[in-house]
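Structural overview
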Amino acid sequence: MASRATSRPVGTVTRGTTNPNRLRRMDRWIAATHGAELRRADAPVAVDLGYGAAPWTAVELLARLRTAAPRAQVVGVEIEPERVAAARPYEREGLTFRHGGFEIPVPGRPTLIRAANVLRQYDEEQVAAVWRRLCARLAPADGVSRGGLLVEGTCDEIGRRHVWVALGPEGPRTVTFATRLGSLERPSDLAERLPKALIHRNVPGEPVHAFLRDFDRAWAGAAPFASYGARQRWLRTVRDLAADWPVTDGPARWRQGEVTVDWAALAPRGH
Ligand SMILES: C[S@@+](CC[C@H](N)C(=O)[O-])C[C@H]1O[C@@H](n2cnc3c(N)ncnc32)[C@H](O)[C@@H]1O
């Protein structure tokens, strides 16, 4: 971790590609699943780590979190100094921007760290250490709270396909697949958006490969439901999938074109 004396941010500058509304699916999932923790915290700080060449995702994260937790504050953290300067005019009540990296240069322990489309540009071997570093910065669990959440994942340019891992202070918890159902040919279309920890593991013998294979099979089996619309087909598919895989959410989330699975079931072999 960078010391205050050197204050050199931890990490590497990468491409700054971003888009307005790109992370809406992730934002809504966070508000729905982590809203209670954000409401409970005395000073709920959410970090948008690596927000990119423009600050849109941080601005939107604040608006969406506040629907669930009106006291939430967002700090955009970016390792590329010019991107921080470009974002500063967008600061407002509840939203600030800081130069920094994986050390997370905010006081205290955040209730949320969101890193979208950041680790995909790093090497697979770096992911575990970055996860550990970021998890160690999260608000700790106590008798009432499960602690802060790290949401780390990847999506396409306009946010139609998204896969993210959610981690607590103790480590990885779940993997969420989220998609615009109208544009989906088959669930394995999401494979190209797997986060760095899983994308190179979509090969025979690895759990995530078996999962996507079973997901496609369930989707094919649910083809008769397509006449009622893609949503009905997805609902049926996930219901069938849940017979064999530890799906942790329910129909209210499935209706959004999501499904969340226990990390342990998809973790690469040897983890
Ligand atoms: C592809 S952009 C993603 C922008 C936005 N999060 C999105 O999903 O649209 C990745 C950004 O992460 C930044 N980045 C990479 N490593 C970082 C680190 N260790 N700490 C902070 N920012 C980082 C890059 O400089 C780049 O601007």
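Everything below is about the structure shown above.
Reference entry: report on the structure contained in this document. (Residues numbered from 1 in each chain as written. Predicted model: local features only at pLDDT ≥ 70, side-chain atom pairs only at ≥ 80, totals over all residues. Heavy atoms only, no water.)

1. Thoughts on the side chain of Glu152
Summarising the element assignment, Glu152 is placed in strand β5 (residues 149–155). For the buried Glu152, which has no salt bridge, the nearest side chain bearing the opposite charge is Arg120, at an N-O separation of 8.0 Å. Side-chain polar atoms of Glu152 contact the side chain of Trp131, separated by 2.9 Å. With sequence-adjacent residues up to four places away left out, Glu152 is seen in contact with Ala115, Leu119, Trp131, Trp164, Val165 and Pro195. (Helix = DSSP H or I, 4+ residues; strand = E, 2+ residues; numbered from the N terminus. Buried < 20%, exposed > 50% of the residue type's maximum accessible area, 1.4 Å probe, protein only. Lys, Arg positive; Asp, Glu negative; His and termini not counted. Salt bridge = Lys/Arg side-chain N within 4 Å of Asp/Glu carboxyl O. Polar contact = N/O pair within 3.5 Å; in protein donor to acceptor, adjacent residues only side chain to side chain. Contact = heavy atoms within 4.5 Å.)

2. With respect to the packing of aromatic side chains
Per the stated rule, a full pass over the model turns up 11 aromatic pairs. Consider the rings of Tyr51 and Phe97, whose centres lie 5.1 Å apart with planes at 65°: the pair is edge-to-face. In this pair, Tyr51 sits in the loop between β1 (45–49) and α2 (56–68) while Phe97 sits in strand β3 (residues 95–99), placing the two residues 46 residues apart along the sequence. Accessibility classification places Tyr51 together with Phe97 in one group, the buried group. Members of the aromatic cluster, joined through ring pairs, are Phe177, Phe211, Phe215, Trp219, Trp234 and Trp245. Note that Arg233 overlies the ring of Trp219, its terminal NZ or CZ placed 4.2 Å from the centroid. (Phe/Tyr/Trp six-rings, centres within 6.5 Å; stacked < 30°, edge-to-face > 60°. Lys NZ or Arg CZ within 6 Å of the ring centre and 35° of its normal.)

3. Notes on the site of the ligand
Close contacts around the ligand come from 26 residues, with Thr18, Gly50, Glu78, Arg83 and Tyr122 the closest. Contact distances for the ligand include 2.8 Å between a nitrogen atom and a backbone N or O atom of Gly50. Contact distances for the ligand include 2.6 Å between a nitrogen atom and a side-chain N or O atom of Tyr122. Residue composition of the shell around the ligand, by class: nine nonpolar, 13 polar and four charged. (Near = heavy atom within 4 Å. Nonpolar A, V, L, I, M, F, W, Y, C, P; charged D, E, K, R; others polar.)

4. Focus: the pattern of salt bridges
Tallied over the full model, the rule gives 20 salt bridges. With a shortest N-O distance of 3.2 Å, Glu37 and Arg40 are connected by a salt bridge. Here Glu37 and its partner Arg40 are both found in helix α1 (residues 24–40), three residues apart, which amounts to about one turn of the helix. By relative accessible area, Arg40 is classed as partly exposed at 42%. One connected set of salt bridges, linked through shared partners, spans Asp27, Asp48, Glu60, Arg64 and Arg114.

5. Looking at helix α7 (residues 230–241)
Taking 1.5 Å per residue as the helical rise, α7 with its 12 residues ought to reach 16 Å, and the 16 Å between its terminal C-alpha atoms agrees with that figure. Those residues of α7 that sit buried are Arg233, Trp234, Leu235, Thr237, Val238 and Leu241. Those residues of α7 hidden inside the fold are in contact with β7 (171–179), α6 (207–221), α8 (251–254) and β8 (258–262). (Expected span 1.5 Å × (residues − 1).)

By themselves, these are just geometric observations and shouldn't be taken as functional.
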